Amino acid sequence: MARQWQAAIPPRSDEDRVIGGVCAGVAAKVGIDPVLVRLAAIVLAMTGPGVPLYVLAWVAMPAGGSESSGGDPRGSIETRRGVGLILIVIGAILALREFDLAPPDQFVWPVALVGLGVGVVLWQFQPRLEADRWDAARIGAGVMVVAAGIAAFVAGNVSFGAVRDGVLAIVLVGGGLALILGPWMAVLIRGRAEERRRRLQADARADMAAHLHDSVLQTFALMQRTDDPREMASLARQQERELRRWLYADSDDPSAVTLKSAMERAAAVVEDRHDIAVETVVVGDAPLDTTVEALIGATGEAATNAAKWSGCDSVSVFVEVEDDDVHVYVRDTGAGFDPDDIAEDRLGVRESIRGRMERVGGTAEIRSAPGEGTEVHLSVGRPDGTV
Amino acid sequence: MALAPPRVVIVDDHRLFRTGVRAELGDRVTVVAEAEDIAEAVAVIEQWSPDVVLLDVHLPSGTGREVIEAVHSGSTETRFLAVSVSDAAEDVIDVVRAGARGYVTKTISGDDLVNAILRVNDGDAVFSPRLAGFVLDAFAGGLVADAPVQDDDLDQLTPREREVLRHLARGYTYKEIARQLSISIKTVETHASAVLRKLQLSNRNELSRWAAARRIW
């Protein structure tokens with residue numbers, strides 16, 4: 001039964017509409033030109049119950065009297081409700097006027113305008129992150145309506161003769177704007193910050209996942225495929241070092257190369273190449289320059305010697321950067337040798353350490369005795385002092 | 001020297017690590033109990049009053065610091081040795097400042113670990129080269145130039161203490177340091193303990209600032 005009743009009522013027109021498409025809908029049903037229906041509606045509205053009738057018809061008639069009803073249904077409902085509400089308010093005011101109950105014009109219209117503006121702006125009062133052009137236009141329109149309303153209120157109720165009143169008007173308008181724009185701005189700013197935080201978090205997580213995949217998981221896979229415990233230990237050591245560097249890098253920019261990071265890298269090369277643990281402790285740091293590079297080269301050479309000749313499974317490297325100079329100690333507790341009695345091939349290596357240091361104005365001192373281990377002490381001044 | 005082997009509790013959230021350490025320690029120490037989180041650790045330590053606790057710096061529900069603080073408020077004779085894979089200097093310094101007698105990395109050999117436990121049991125400090133480096137770093141740079149010279153000895157290391165720390169960072173044992181510096185082992189131990197005490201008691205601004213500058217999270 002409801003269906004039959006509904007079938008008798010024409011749908012409103014979505015395409016050909018001035019306000020709600022009521023007139024076009026009725027015209028389509030009756031089969032006459034919509035302009036005639038509209039004229040009739042205007043006459044009705046001016047003389048009598050046109051407005052309430054129109055509202056009634058709007059609410060009663062179903063939406064979408066066109067074939068291409070691809071519009072956003074939520075949007076059309078919201079629009080319908082909003083405009084309907086406004087019309088109901090207007091209708092109510094007009095009705096009240098009939099009984100002399102309504103407040104005076106100079107109060108009603110400004111209040112209505114302000115209400116409309118606030119309504120339009122509040123429409124946007126949802127923490128939406130991506131505000132589009134239409135949002136901006138609607139907010140702009142709302143603000144202008146509010147401003148106009150407040151101005152009209154001031155003009156109608158306050159004498160503009162006094163400067164005081166002008167100031168008051170400005171304060172009123174400004175206050176109104178702040179009232180409306182304030183919360184919206186807050187939401188917008190909070191939204192932006194929230195979005196940025198989320199993006200940073202997501203980036204960090206993606207970074208972490210990518211890194212773990214490239215390094216840790218690959219290493220685990222490799223370790224499962226090897227039976228050689230030395231190889232396994234070497235893989236584990238390599239991975240541990242890499243992960244540690246990634247997690248605990250001192251600098252904000254992990255790619256920034258300083259004495260410390262370069263020294264650790266040099267130690268890593270020796271570890272990998274000679275299957276030996278190089279325990280590296282660096283106190284202080286300095287920027288990289290030719291002197292520091294020579295120092296690192298000599299340190300790597302000394303550690304390589306220890307790996308080759310000492311018979312130990314670990315070497316200690318201690319680097320201390322002081323204000324005026326840098327000291328490096330490379331020490332093993334292995335076989336040791338008599339420094340006065342060294343073979344030619346090792347003399348060459350030793351000279352590559354000593355020669356390197358001397359070219360940058362540094363020194364290399366080797367202390368060793370058979371069975372006592374070996375310690376190489378490198379030192380060089382820092383001409384540029386504290387950097 | 002204690003006559004009986006020291007009684008040890010292992011606190012670490014990785015069962016594999018606990019098992020491995022227990023096997024490596026053999027019968028040179030007596031492992032009386034294990035724990036895998038803070039609450040269990042505190043309960044076990046109060047129950048057994050062990051001589052030494054091997055304490056992981058990072059535990060699932062917090063840090064080793066919390067274990068030390070909970071137990072020390074009950075004042076037992078238990079001593080702590082921090083064990084960690086962590087290189088984050090501030091974490092290590094944090095646990096030592098809470099009262100651990102030393103810090104070693106998990107890659108330490110079984111023999112070295114036994115020696116470290118015996119040393120801690122005797123009330124000495126245990127500095128791995130890495131911890132020595134951290135401490136040198138933390139006390140480096142002296143005081144800020146315009147600050148008044150402070151009388152508080154806690155805020156600075158003596159040249160001799162620095163010398164001992166440098167040797168520790170170079171990988172020297174106490175015995176080797178004693179020979180190198182022509183002093184007795186006892187003196188080396190005294191210096192190391194003094195450094196530990198300064199690290200724990202100093203309110204030096206640089207220490208906290210230094211830790212803050214390295215905080216990663």
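This structure is a prediction, so every number in the text was calculated from the model and none was measured.

Draft legend 1. Spotlight on the overall build of chain A. Regarding its fold elements, chain A presents 12 helices and five strands. Sequence separation of at least 24 residues holds for 66% of the intrachain contacts in chain A that already meet a minimum separation of 6.

Draft legend 2. Here's a closer look at the packing of helix 8 (residues 174-181) of chain B against helix 9 (residues 185-201) of chain B. Residues and elements named next belong to chain B. Relative to each other, helix 8 and helix 9 sit at 110°, their axes nearing to 8 Å. Compared by their axis directions, helix 8 and helix 9 come out roughly perpendicular. Seen from helix 8, the contacting residues are Tyr174, Lys175, Ile177 and Ala178; seen from helix 9, they are Ile185, Val188 and Glu189. For the contact of helix 8 with helix 9, a count of residues per class yields five nonpolar, no polar and two charged.

Draft legend 3. Representation of the confidence of the model for chain A. On average, residues of chain A score 74 in pLDDT, and 68% of them are at 70 or above. Across residues 66-75 of chain A, confidence stays below pLDDT 50; counting only partners more than four residues off in sequence or on other chains, it has seven contacts.

Draft legend 4. A look at the interface of chain B and chain A. Contacts between the two partners involve 14 residues from chain B, matched on the other side by 13 residues from chain A. Put simply, the parts of the chain that give the side of chain B that touches chain A at least two residues each are helix 6 (129-138) and helix 7 (159-169) of chain B. Tallying contributions element by element places helix 6 of chain B first for the side of chain B that touches chain A, with five residues. Residues belonging to the side of chain B that touches chain A are distributed by class as follows: six nonpolar, two polar and six charged.

Draft legend 5. Broad picture of unusual backbone geometry. All names here are of chain B. Of note in the backbone geometry, Ser49 takes a positive phi value of approximately 40° without being a glycine. Structurally, Ser49 is set in the loop between helix 2 (38-48) and strand 3 (52-56). Even without a glycine there, the phi angle at Ser182 is positive, about 55°. Checked against the element boundaries, Ser182 lands in the loop between helix 8 and helix 9.

Draft legend 6. Here's a closer look at the sheet that holds strand 5 (residues 374-381) of chain A. Residue and element names in this part refer to chain A. Across the sheet, which stays open at both edges, the five strands sit in the order 1-2-3-5-4 with mixed pairing between neighbours. Of all the strands in the sheet, the pair left with one neighbour each is strand 1 (277-283) and strand 4 (363-368). Within this sheet the neighbouring strands show an average axis-to-axis angle of 10°, counted without direction. Bridging between strand 3 (residues 325-332) and strand 5 involves eight bridges; their strand directions are antiparallel.

Draft legend 7. Representation of the packing of helix 2 of chain B against helix 3 (residues 64-72) of chain B within the structure. Residues and elements named next belong to chain B. The N-to-C vectors of helix 2 and helix 3 enclose an angle of 35°; their axes lie 10 Å apart at closest approach. For the crossing formed where helix 2 meets helix 3, the hand is right-handed. Every residue of helix 3 that contacts helix 2 at Ile38, Ala41, Val42 and Ile45 is listed here: Glu66, Val67, Ala70 and Val71.

Draft legend 8. A look at the environment of Gln47 of chain B. Here Gln47 of chain B lies in helix 2. C-alpha separation for the pair Gln47 of chain B and Ala33 of chain B, spaced 14 residues apart in sequence, amounts to 9.7 Å.

Reading guide: rules and limits
- Residues numbered from 1 in each chain as written.
- Chains lettered and ligands numbered in written order.
- Predicted model: local features only at pLDDT ≥ 70, side-chain atom pairs only at ≥ 80, totals over all residues.
- Helix = DSSP H or I, 4+ residues; strand = E, 2+ residues; numbered from the N terminus.
- Contact = placed C-beta atoms within 7 Å.
- Axes fitted to C-alpha atoms, helices over the stretch in contact; angles between N-to-C directions.
- Parallel < 35°, antiparallel > 145°, perpendicular 65-115°, else oblique.
- Nonpolar A, V, L, I, M, F, W, Y, C, P; charged D, E, K, R; others polar.
- pLDDT = per-residue confidence, 0-100.
- Pairing = 2+ DSSP bridges.
- Left-handed = near helix turned anticlockwise from the far one by under 90°.

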